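Descriptive structure summary
In case you want the letters, here they are:
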Amino acid sequence: MTNNETDKFYMNEVLLLAAKGKYTVQPNPMVGALIVKDNKIIGSGYHRKPGTPHAEQVAIKKAGRKSKDATLYINLEPCCHYGRTPPCSDLIIESKISRVVISSLDPNPLVNGKSVKQLRKYGIKVKTGVLKRESLELNKGFFSKFINKRPHVTAKFGVSLDGKISLSNGTSKWITSPDSRKDVQEERASRSLIFTSSKTVLRDNPQMTIRDSILIDKIIKQPDIAIIDRNLRIPINSKIFNDKSRLVYIFTSRKQSSKKFRSNVILVKTSSDNNKINIKECLRFLAKQDINSVLLESGSNLMSSFLREKLVDELILYFSPRMLGSSAISFSGIQDIEKLSKKIKFSISDMITINQDLKLTLESKYV
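Each residue is numbered by its place in its chain's sequence as written, counting from 1. Reporting in this predicted model follows two pLDDT cut-offs: at least 70 for local features of residues, and 80 or more for side-chain atom pairs to be given and counted; totals over whole chains, interfaces and linings ignore these cut-offs and use all residues. To obtain the side-chain values, all non-hydrogen atoms of the structure were included, while hydrogens and water were left out.

Moving on, we come to the packing of aromatic side chains. Here is the rule: rings of Phe, Tyr and Trp (six-membered ring for Trp) pair when centre to centre is within 6.5 Å. Planes less than 30 degrees apart are stacked, more than 60 are edge-to-face, and the remainder are tilted. Counted by the stated rule, this structure contains 10 aromatic pairs. Ring geometry for Phe241 against Phe261: centres 5.6 Å apart, planes inclined by 65°, an arrangement best described as edge-to-face. Remark: Phe261 occurs in the loop between β10 (248-252) and β11 (265-269) and Phe241 occurs in the loop between β9 (224-228) and β10; sequence separation between them is 20 residues. For the pair Phe241 and Phe261, one class covers both residues: buried. Through successive ring pairs, a cluster of aromatic residues spans Phe195, Tyr249, Phe251, Phe285 and Phe306. Only DSSP runs of H or I reaching four residues or more are called helices, and only runs of E reaching two or more are called strands; each is numbered from the N terminus. Relative accessible area decides the class of each residue, using a 1.4 Å probe on protein chains only: under 20% of the type maximum gives buried, over 50% gives exposed, and in between gives partly exposed.

Shown next as structure tokens:
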């Protein structure tokens with residue numbers, strides 16, 4: 001293999017390692033590391049959860065003295081500042097690693113490009129950009145928080161073949177199969193927070209929790225919740241408040257409330273326009289709380305607001321091979337597109353069958 005092919009091979013292994021932290025590293029990014037010498041892996045590691053050693057720290061510890069003159073492969077630029085752990089760039093220099101291959105620079109201004117500069121200053125060869133696209137995809141929420149100043153947003157719906165989420169009377173249980181609903185549990189488990197509306201909570205009184213026993217063993221805690229409730233209509237005994245381990249953010253236009261919510265509930269006074277809460281303001285607030293990724297689970301009204309504001313980065317549709325008819329409620333809530341030039345565009349990124357259902361994953365094409 002050529003040097004480029006070798007670097008891609010090992011970086012692919014790094015990305016597979018990094019993905020092991022999928023359910024536990026939030027709000028940190030998923031990071032994997034390999035130390036290679038004479039075409040042999042002599043150290044490997046990945047970041048498991050906040051407060052634990054970083055991937056390169058684990059790999060260097062395993063490699064020990066063999067790290068000298070070896071190559072370190074890592075999907076995200078090493079940190080060069082003190083956080084919960086000491087700077088990894090200092091450790092790399094001390095270990096006498098001679099070459100570092102990095103997939104993507106860290107978007108955090110505390111790090112961005114600074115580690116690369118430091119390593120090169122000490123004579124270490126640094127190569128960047130290997131499998132960069134794959135690296136950005138792996139940590140798209142982490143990058144969105146710094147670059148877009150908001151979390152990455154995925155909207156999820158179970159729909160009929162004609163794109164409906166419920167009958168006109170609101171009946172929606174169940175359109176999709178039990179297997180599709182089980183798959184939703186995995187989507188929830190890999191997100192920082194579930195975003196919904198007071199209308200959804202009042203109608204269904206959902207828990208919006210991960211109930212799959214295998215996933216429960218993998219996650220650190222249930223994803224947090226954000227609810228748009230402009231007039232604070234949600235009863236304090238709603239099921240969504242039951243789990244005290246998760247934070248519940250309620251975005252409201254009320255200055256205060258006479259309701260006595262539990263200690264894990266945070267009321268956030270948010271501006272509104274035309275009797276609608278400013279969603280961009282909500283997402284900016286969540287980014288400041290270290291929320292990287294949001295799963296939107298709501299009705300068509302809130303979905304239409306997200307679409308109008310161009311805030312849906314990814315769309316997951318679970319299609320059931322059934323039709324509900326023209327009077328049923330559409331998932332998008334969009335009604336006033338009069339020209340094809342104004343159509344909302346997505347591209348298909350993945351498609352799989354789940355039992356008799358079809359899971360379609362799409363990426364936004366707003367630009």
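After presenting the structure, the write-up continues.
As a further point, take the pairing of strand β1 (residues 32-37). Extensive coverage of β1 is indicated by the burial of five of its six residues. In this sheet, strand β2 (residues 40-46) lies alongside β1 in antiparallel orientation, the contact comprising six bridges. In the strand pairing of β2, Lys37 is matched with Lys40. Two strands are counted as paired when DSSP detects at least two bridges linking them. Alignment of β1 against strand β3 (residues 71-76), held across four bridges, turns out to be antiparallel. Its bridge partner being in β3, Ala33 is matched across the sheet by Ile74.

This paragraph deals with the sheet that holds β3. Across the sheet, which stays open at both edges, the five strands sit in the order β2-β1-β3-β4-β5 with mixed pairing between neighbours. Since the sheet does not close on itself, it has two edges, and those belong to β2 and β5 (125-128), each with one partner. For this sheet, the mean inter-axis angle between neighbouring strands, taken without regard to orientation, is 15°. Running over the sheet, helix α4 (residues 114-121) touches β4 (99-104) and β5 and is turned about 150° from β5. Note on method: axes are straight lines fitted to C-alpha atoms, helices fitted across the in-contact stretch only, with angles between N-to-C directions ranging 0 to 180 degrees. The contact criterion used throughout is that any non-hydrogen atoms of two residues lie within 4.5 Å.

The next point concerns the environment of Leu91. With respect to the helices, strands and loops of the structure, Leu91 is situated in helix α3 (residues 88-94). Residue classification places Leu91 among the partly exposed positions, given a relative accessible area of 26%. In the structure, Leu91 is positioned 59 residues away from Gly32 in sequence and 16 Å away in space, judged by C-alpha atoms. Dropping the residues within four chain positions of it, Leu91 is found in contact with Gln57 and Ile60.

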